[in-house]
Amino acid sequence: EKPNTPTMRFALCALLVAAALAAAEPGKTLVLYDVASIKDSHSQFFSGLKDSGFKLKFMSATSSNLNLFKYGERMFDNLIIFAPNVEEFGGALKETDMITKFVDEGGNVLIAVDENCRDPLREVAREIGFEIADQDSNVIDYSNSVDGNPVLIQASGFIKAAPIVGSAPAPVLFSGIGMARDEGNPLAIEILTGSSTSYVHALGEPIQDYPIAVGRSTVLVGGLQARNNARVVVAGSLQLFSNAFFARSEFGNKQFASNVALWAFQERGVLRAGNVSHHRVGETQSVYEYTVSETVDYSVDVEEKVDGEWVPFKGTDVQLEFVRIDPFVRLTLQNTNGRQHATFKLPDVYGVFQFKVTYKRHGYSSLLLADQVSVRPLLHTQYERFIPSAYPYYAGALGMMFGLLFFSIVFLHHKDKQKLE
């Protein structure tokens, strides 16, 4: 019996459409919890993620079936860990190195802890550049306390990066533990910090040693964007994402939590570049061999992901370098509706060069572009026939030639008078 060809074609088309839709949706997200009630106490946060198109899968952090990889590939794009009290993760996550491997492979992680944070998540936070304070410690701030509770504070020390926290974030309600950033880690960023009057210590205990963090060095929410553009966020307050804190309309917890989560999961602050072009002025064809001192035009399209769609990037601080070993030319590209472009004169130096664009800003994914070209010296037919600055030497040479000619004529035609005996 012959197969039903139209049916097979329809099935194939359906599969292709489903694959295209799946590729356009935000990635699968694994949520790990230590108590099942967190699905109810933080339901608004999870509902917001679902409304943004994320597919959430909930599992206990101690489940023996936990795994982030299958056949060497990531099973999830994002990982949420709301399990600060877990002494040991289950399954393949018993070794916390699995979480750092997940990041190395391009996965994104959002972690929230509290004053009872245990060792596994402390180790993960330490790996990304943050030291969590001792157990049972709180962020204390009597000057910014809410409802007269010094460990329930309002915080407004936001990082100046609109892709992460928004353009004008409202103060957030915070209750939890503080962290200190590792100054030796240039990739770690302080997303939310305490005020100048905050410090980290156990409430009611006498202070005998200097606290791990004091004042604006107290990190409440920290983040990291790895060199592969994977992102990790560690929040010192699990309650920051809770329904109870979202219900306090005078604070901006709901919007802040949404912005930070979308940034962590690469739905905000993501850039891409394409349509790179470089050519001589007056031409349109890209070449990979230029001559010294030629005037060239360089351009590239840069787009930003906004609300799930790619739109022209509005930044005006993208720079281009023309590099051999060190930059010979460095200039800022002009932005015309996302088309970044510049025109400049090549240096009077030959060799192998690169058009290089390196864009790294807090909140945005990194752009690293490099196109290699050769710059050769002038051909012998390209040099000027007469150089104005050499006219004195030309005159000297001609003078010598005429002098020699005159001397030769005189010497050949001059005859001394014979002496009479």
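Note that the structure is predicted; figures quoted are calculated from it, not measured.

What follows deals with the sheet that holds strand β12 (residues 172-174). On the basis of which strands lie adjacent, the open sheet formed by 3 strands has the order β9-β10-β12 and antiparallel pairing. Two strands in the sheet have a free side with no partner beyond their single neighbour: β9 (145-146) and β12. Direction of pairing for strand β10 (residues 149-155) relative to β12: antiparallel, over a ladder of 3 bridges. Across the sheet, residue Q154 finds its bridge partner in β12, namely L173.

Between its terminal C-alpha atoms helix α8 (residues 253-264) stretches 16 Å, which fits the 16 Å expected from 12 residues at 1.5 Å a residue. Counting buried positions along α8 gives 9 out of 12 residues, so the element sits mostly inside the fold. Taken residue by residue, α8 has N253, F256, A257, N259, V260, A261, L262, W263 and A264 as its buried positions. Backbone geometry just after α8 places Q266 at a positive phi near 60 degrees.

With that settled, consider the pairing of strand β23 (residues 327-332). Regular strands place side chains that alternate from one sheet face to the opposite one. Where strand β22 (residues 319-323) meets β23, 5 bridges bridge the pair, whose relative direction is antiparallel. Opposite Q319, over in β23, you have T332 as the bridge partner. Between β22 and β23, which pair antiparallel one after the other, the connecting turn spans 3 residues.

This paragraph deals with the environment of V373. In this structure, V373 sits in strand β27 (residues 367-376). The sequence separation of V373 and S242 amounts to 131 residues, and the corresponding C-alpha distance is 55 Å. Once you skip the residues sitting within four places of it in the chain, V373 turns out to touch H278, V287, Y288, Y290, F322, G351, V352, F353 and F355.

Even without a glycine there, the phi angle at D307 is positive, about 55 degrees. Topologically, D307 is positioned in the loop between β20 (295-306) and β21 (309-312). When its relative accessible area of 77% is taken as the criterion, D307 is described as exposed. Residue N337 is not a glycine yet carries a positive backbone phi of 55 degrees. Of note, N337 is situated in the loop between β24 (334-336) and β25 (339-345). Residue N337 is classed as exposed on the basis of its relative accessible area of 67%.

Definitions and limits used
Residues numbered from 1 in each chain as written. Predicted model: local features only at pLDDT ≥ 70, side-chain atom pairs only at ≥ 80, totals over all residues. Heavy atoms only, no water. Pairing = 2+ DSSP bridges. Helix = DSSP H or I, 4+ residues; strand = E, 2+ residues; numbered from the N terminus. Expected span 1.5 Å × (residues − 1). Buried < 20%, exposed > 50% of the residue type's maximum accessible area, 1.4 Å probe, protein only. Contact = heavy atoms within 4.5 Å.

By themselves, these observations are geometric and do not establish any function.
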